[in-house]
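# Fold and geometry: a report
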Amino acid sequence: MTGRILIVDDEDGLRDALAERLRHAGHEVEAADSAESALARLSGFGPDLVVTDLRMPGMSGLELTERIRAGLPGVEVVIMTGHEDMESAVAAMKAGAVDYLVKPVQLRTVAGLVDRCLEERAREAEAEAASGEGDPRDPAGPESIVGRDPRMIEIFKLIGTLARNRATVLVRGETGTGKERIARAIHAHSIAAEEPFIAVNCTALSDTLLESELFGHVKGAFTGAVGSRKGYFELAGRGTIFLDELGDTSPEFQSKLLRVLQERTFYPVGGERAKETQARVVAATHQPLETLVDEGSFREDLYFRLRVVEIVVPPLRERTGDIPLIADALLARIREETGTEVEQISTGAHEVLQRYRWPGNVRELENALTRAALVARGRTIGAEHLHLGTGDGVLPPETIGEAPVEGSLDAVIAAHVRTVLTEVDGNLGEAARRLHVGRSRLARLVGRLGLDSFPA
């Protein structure tokens, strides 16, 4: 399928290359070097799709997108940017962009995306014609979540898309990956951002107390209920209820939550009159829900009700390229919260952070950096200030017989181990305790790094 494409980019080489590639594919193409120039061509050219850079001199691609979506809602927009941060991705999707590409872009990728956009546009037009209904787009925008990994970029785009509707969301990921931050980002960019966001840890409360917290109770419903109390579903209004670790709840509670999702009503504990709720539910779990469904401990109908939209947050060990960005962002917050003077993380420390497996994910990284910031002397966190975990998360590979090369990661580790051993007069057991590793593992490390002059 071919169409009319307007390319907007102040970078001559990319703009011309894209135009040539799309013309070769049979599209009618015009190009503009600024958003202002693109606006001037819109009415005369009548594009089906606009592909624009985000940051340009003068008007930004974001403002261009907003003006196109407001004045010409039938024109789709794809935004390109070299700044792959969450704010840009979410803002692009909030403004109504159909997709978001991170530079450098492959010409074939853009061409493929153009084809998909045109095909989708044609299908939507057919559906509208058949139903007689339009497709209103309500713009929407998060707490900052850092990442350049392609999977995180897709999550950022999905957050922006969710900002325009009130669909139920299931966030999945290991403990510490930041599921609540994803939920808060969805809420912060929604049309109900001014309404409450209420987070509930389902594992921290018994079934009875969890029901009381969420649905409220009437006077005399149980011992100690000396008066009626509104629950979170009532207090949230049109805001968001975040149910963390929902996989650990009982089937009895699950059946009551299912009613809320199906009928948008609930009964306070001890109450006989149903109440309505408009709150959005974002649920999270680290549990394998499919397995729980097979075992009969999680309701299958609730599982499908929750999975209207599913977001899977990758563990930190699978996106090590993001670790320096995340660490720097965390350090800025840690410095503000603790009042320390640490301003940066050394190259050696960054290498250590990237080689660790982070079984506790971002939460563990934040804790490690907080400890390092508190013990560091001066303005830089070095590798010697990091005290990481043991077992599968142990930092150095078990290669034998290789002497540390000056300036290498092993050399940094060797210097730190030597310092600790010196402080404890060569007591390997005490050194292992301070380094948070097993004694036998430290003994092997001492041998590998050539520190045998200390008694094992």
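One can find the structure itself at the top, above this paragraph.
Report follows, based on the coordinates. (Residues numbered from 1 in each chain as written. Predicted model: local features only at pLDDT ≥ 70, side-chain atom pairs only at ≥ 80, totals over all residues. Heavy atoms only, no water.)

Bringing the overall build of the protein into the picture now. Across its full length, the protein holds 18 helices and 14 strands. Burial statistics for the protein: of 456 residues in total, 47% are counted as buried. Per element, the accessible surface of the protein, about 21500 Å² overall, is 48% carbon and sulfur. (Helix = DSSP H or I, 4+ residues; strand = E, 2+ residues; numbered from the N terminus. Buried < 20%, exposed > 50% of the residue type's maximum accessible area, 1.4 Å probe, protein only. Areas by Shrake-Rupley, 256 points an atom, 1.4 Å probe, with all protein chains shown as cover.)

With that settled, consider the sheet that holds strand β4 (residues 76-81). Strand order in the open sheet made by the five strands is β2-β1-β3-β4-β5, with parallel pairing throughout. Of all strands in the sheet, those with a lone pairing partner are β2 (28-32) and β5 (99-102), marking the two edges. Averaged over all adjacent pairs, the angle separating strand axes in this sheet is 20 degrees, with direction ignored. Together, β4 and β5 form the strand contacts of helix α4 (residues 86-94), whose direction differs from that of β5 by roughly 150 degrees. (Pairing = 2+ DSSP bridges. Axes fitted to C-alpha atoms, helices over the stretch in contact; angles between N-to-C directions. Contact = heavy atoms within 4.5 Å.)

Below, the discussion takes up helix α13 (residues 323-338). End to end, α13 covers 21 Å across 16 residues, agreeing with the expected 22 Å (1.5 Å per residue, within 8%). Packing partners of the buried residues in α13 comprise β13 (344-345), α14 (347-355), α15 (361-375) and β14 (380-381). Immediately downstream of α13, the backbone of glycine 339 shows phi near 75 degrees, a positive value. (Expected span 1.5 Å × (residues − 1).)

Here we come to the environment of alanine 236. Within the fold, alanine 236 resides in the loop between α9 (232-235) and β8 (240-244). The exposure class of alanine 236 is buried, given its relative accessible area of 0%. Leave out the neighbours within four places in its chain, and alanine 236 touches Glu195, Pro196, Ile198, Ile241 and Ala279.

Within the span of α4, buried status applies to Met86, Ser88, Ala89, Val90, Ala92 and Met93. Of the surrounding elements, those touching the buried residues of α4 are α3 (61-71), β4, β5, α6 (150-162) and α7 (179-188). Note on α4: the residue one or two positions beyond its end, glycine 96, has a positive phi of about 110 degrees.

Next up on the list: the sheet that holds strand β11 (residues 280-285). Adjacent strands of a sheet form backbone hydrogen bonds with each other and so pair up, either parallel or antiparallel. Reading across the sheet, the five strands line up as β7-β8-β11-β6-β12 and stay open at both edges, with parallel pairing between neighbours. Two strands bound the open sheet, and with one partner strand each, they are β7 (197-201) and β12 (309-312). Sheet twist, expressed as the mean angle between neighbouring strand axes with direction ignored, is 20 degrees. Across four bridges, β8 lies against β11 in parallel orientation. Residue pairing for β11: threonine 240 is matched across the bridge by arginine 280. Where α7 meets the sheet, its contacts fall on β6 (169-172), β7, β8, β11 and β12, and the angle it forms with β7 comes to roughly 160 degrees.

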